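Listed below, chain by chain, are the residues.
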Amino acid sequence: MRTRPVTPLLATDIIVELIDRPSRPIVLVERKNTPHGWALPGGFVDVGEEVEVAAVREAREETGLQVWLQGLLGVYSDPSRDPRGHIVSIVYTAVAVGEPHADDDARTASVIDLESLPEGLVFDHKKILDDYKAFRKTGRAPGPLEDPRGTMPSNLIALLHRSAKSS
């Protein structure tokens, strides 16, 4: 009998920009459940569900907004990012119009200026939002963490060609 590997849980978080307002503020929710605090809309991906579908569903469930995904900001996988356990989050950017209202496991849904984030952001959402601020300024999504093996040698291709010739 083959056993399944034990792997992290999979979640998605969504940075929702309201494009019908000046400065394109974002939507944050105050969580009903622990850990309590402010968070990006998001939640777990259901078995058999595509991650993008889960992102749109979670945004609608927690904010009442129909969102349109714009892109992938990043994959956040630090084992300590969530006090409930090792949960990997795939973070999308999205746009919406209208007035958010809390539902599902959100106590409140608020429109927040990106430069005036509230205290008490949970999980690693401050880091995610810092990455998003940089993305808005530069147009570049954050890159992967530094490779533990160090940086790739600038002459890697030449070394591979040399190795192939000598074998």
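Residues numbered from 1 in each chain as written. Predicted model: local features only at pLDDT ≥ 70, side-chain atom pairs only at ≥ 80, totals over all residues. Heavy atoms only, no water.

## A word on the nonpolar core
In step 1: The biggest cluster of nonpolar side chains holds 16 residues, and the ones touching the most others in it are Ile-14, Val-16, Leu-65, Val-67 and Ala-96.
In step 2: Those elements giving two or more residues to this core turn out to be strand E1 (9-18), helix H1 (51-63) and strand E6 (87-96).
In step 3: The element best represented in this core is H1, accounting for 5 residues.
In step 4: If near-sequence neighbours (up to four positions away) are discounted, Leu-65 is found in contact with Val-16, Leu-18, Val-27, Ala-59, Arg-60, Ala-96, Val-97, Gly-98, Glu-99 and Pro-100. (Core = buried A, V, L, I, M, F, W, Y, C linked by side-chain atoms within 4.5 Å. Buried < 20%, exposed > 50% of the residue type's maximum accessible area, 1.4 Å probe, protein only. Helix = DSSP H or I, 4+ residues; strand = E, 2+ residues; numbered from the N terminus. Contact = heavy atoms within 4.5 Å.)

## Topic: the environment of Gly-98
In step 1: Relative to the elements of secondary structure, Gly-98 occurs in the loop between E6 and strand E7 (106-112).
In step 2: Owing to a relative accessible area of 25%, Gly-98 belongs among the partly exposed residues under this scheme.
In step 3: The spacing of Gly-98 and Leu-18 is 80 residues in sequence and 7.4 Å in space, taken between C-alpha atoms.
In step 4: If sequence neighbours within four positions are ignored, Gly-98 has contacts with Leu-18, Asp-20, Arg-21 and Leu-65.

## Points about the pattern of salt bridges
In step 1: Inspection of every chain in the model, using the stated rule, returns 13 salt bridges.
In step 2: In this structure, the salt-bridge partner of Arg-21 is Asp-20, at a minimum N-O distance of 3.9 Å.
In step 3: With relative accessibility at 25%, the residue Arg-21 sits in the partly exposed group.
In step 4: Asp-124 is the partner of Arg-81 in a salt bridge, and the nearest nitrogen-oxygen pair spans 2.9 Å. With Arg-81 in the loop between strand E5 (68-76) and E6 and Asp-124 in the loop between E7 and helix H2 (125-138), this residue pair connects regions lying 43 residues apart in the sequence. Here Arg-81 and Asp-124 have matching classes, each one buried.
In step 5: What emerges from the salt-bridge pattern is a single network uniting Asp-46, Glu-49, Arg-57, Glu-58 and Glu-61. (Salt bridge = Lys/Arg side-chain N within 4 Å of Asp/Glu carboxyl O.)

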